[in-house]
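Tertiary structure, described
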Amino acid sequence: MKKRKNLPASILERVFNELLTNQPTWKNKELRYFLLKQPNTPTRFLAELANIDLEALRAKKLEQERKAGSTPAISEKWVQDEIRFLTDVAEHPQVSVEILERLALYPNSNVKLAVAQNSQTPEQLKLRILAELILYAEDDIKVEIAKNPETPVYVLEVIGQNESYRTKLLREIRRVLASEYPKFWK
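Here's what I pulled together on the structure shown here. What you see is a predicted model; the values in this text were computed from it and never measured. (Residues numbered from 1 in each chain as written. Predicted model: local features only at pLDDT ≥ 70, side-chain atom pairs only at ≥ 80, totals over all residues. Heavy atoms only, no water.)

1. Side note on the environment of Glu157
- Along the chain, the position of Glu157 falls in helix H11 (residues 153-161).
- As a C-alpha pair, Glu157 and Ala146 span 11 residues in sequence and 9.6 Å in three-dimensional space. (Helix = DSSP H or I, 4+ residues; strand = E, 2+ residues; numbered from the N terminus.)

Here you go:
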């Protein structure tokens with residue numbers, strides 16, 4: 001049954017109740033992936049999947065990091081990896097506007113992009129997310145924004161005006177080298 005697609009909501013309800021444990025729904029990977037690949041998954045189950053206590057997750061990852069002796073940057077990367085599935089929630093056909101609004105708050109550029117590209121996302125929220133992403137997101141996210149035919153032209157213009165960090169760094173290195181070592185550039 002797990003391999004079947006398009007199961008009715010009544011069957012999904014039974015599977016949900018059978019696989020439900022005392023841990024948060026999003027932590028149950030088997031249930032999570034089963035529900036996310038079913039187009040008839042009820043919105044309330046998607047809401048359960050999107051209900052993540054981010055601070056508790058960060059604290060857990062920091063504790064694991066402390067025990068392993070790694071750096072704080074690693075734990076934030078682990079948090080990002082842990083919530084990456086929220087992209088699938090944002091792209092699900094049964095997702096509600098309320099869930100999309102909640103997902104927009106999570107600190108993951110891929111999730112924010114999925115929210116911004118969902119046709120149900122309110123225009124004001126979509127534009128706010130795009131503005132944030134074109135200022136702070138990685139270059140690959142900006143490429144995805146530019147590839148989307150629904151991206152407003154003025155957003156594309158802003159992306160085109162902003163140089164990437166690598167380009168700025170390279171230009172600055174050239175400027176410094178040219179000013180400090182002019183005899184080598186002649």
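2. Some details on the pattern of salt bridges
- Evaluated as defined, the whole model comprises six salt bridges.
- Note that Asp81 is salt-bridged to Arg84, the shortest N-O span being 3.3 Å. (Salt bridge = Lys/Arg side-chain N within 4 Å of Asp/Glu carboxyl O.)

3. Concerning unusual backbone geometry
- Despite not being glycine, Asn6 has its phi angle at roughly 65°, a positive value.
- Within the element layout of this structure, Asn6 appears in the segment before helix H1 (9-19).
- Owing to a relative accessible area of 52%, Asn6 belongs among the exposed residues under this scheme. (Buried < 20%, exposed > 50% of the residue type's maximum accessible area, 1.4 Å probe, protein only.)

4. A word on the packing of aromatic side chains
- Scanning the model with the defined rule gives two aromatic pairs in all.
- Judged by centre distance (4.0 Å) and plane angle (15°), the ring pair of Phe16 and Phe45 falls under stacked. Within this pair, whereas Phe16 is found in helix H1, its partner Phe45 is found in helix H3 (residues 43-49), the two being separated by 29 residues in sequence.
- Here the aromatic rings of Trp26 and Phe85 are separated by 6.3 Å at their centres, their planes lie at 5°, and the arrangement is stacked. Of this pair, Trp26 sits in the loop between H1 and helix H2 (29-36) while Phe85 sits in the loop between helix H5 (72-82) and helix H6 (86-91), and the two are 59 residues apart along the sequence. (Phe/Tyr/Trp six-rings, centres within 6.5 Å; stacked < 30°, edge-to-face > 60°.)

5. Describing the packing of helix H10 (residues 139-147) against H11
- Put simply, H10 and H11 touch, their axes get as near as 10 Å, and they point 145° apart. Both H10 and H11 take part in a crossing whose hand is left-handed. Facing H10, whose interface residues are Lys142, Ile145 and Ala146, H11 presents Val155, Leu156 and Ile159.
- In terms of residue class, the contact of H10 with H11 is made up of five nonpolar, no polar and one charged. (Axes fitted to C-alpha atoms, helices over the stretch in contact; angles between N-to-C directions. Left-handed = near helix turned anticlockwise from the far one by under 90°. Contact = heavy atoms within 4.5 Å. Nonpolar A, V, L, I, M, F, W, Y, C, P; charged D, E, K, R; others polar.)

6. With respect to the environment of Thr41
- By the element assignment, Thr41 lies in the loop between H2 and H3.
- Judged by its relative accessible area of 0%, Thr41 falls in the buried class.
- Ignoring any residue separated from it by four or fewer positions in sequence, one finds Thr41 in contact with Leu12, Leu35, Leu46, His92 and Gln94.
- A polar atom in the side chain of Thr41 sits 2.5 Å from the backbone oxygen of Leu35.
- A distance of 3.0 Å separates a polar atom in the side chain of Thr41 from the backbone oxygen of Gln38. (Polar contact = N/O pair within 3.5 Å; in protein donor to acceptor, adjacent residues only side chain to side chain.)

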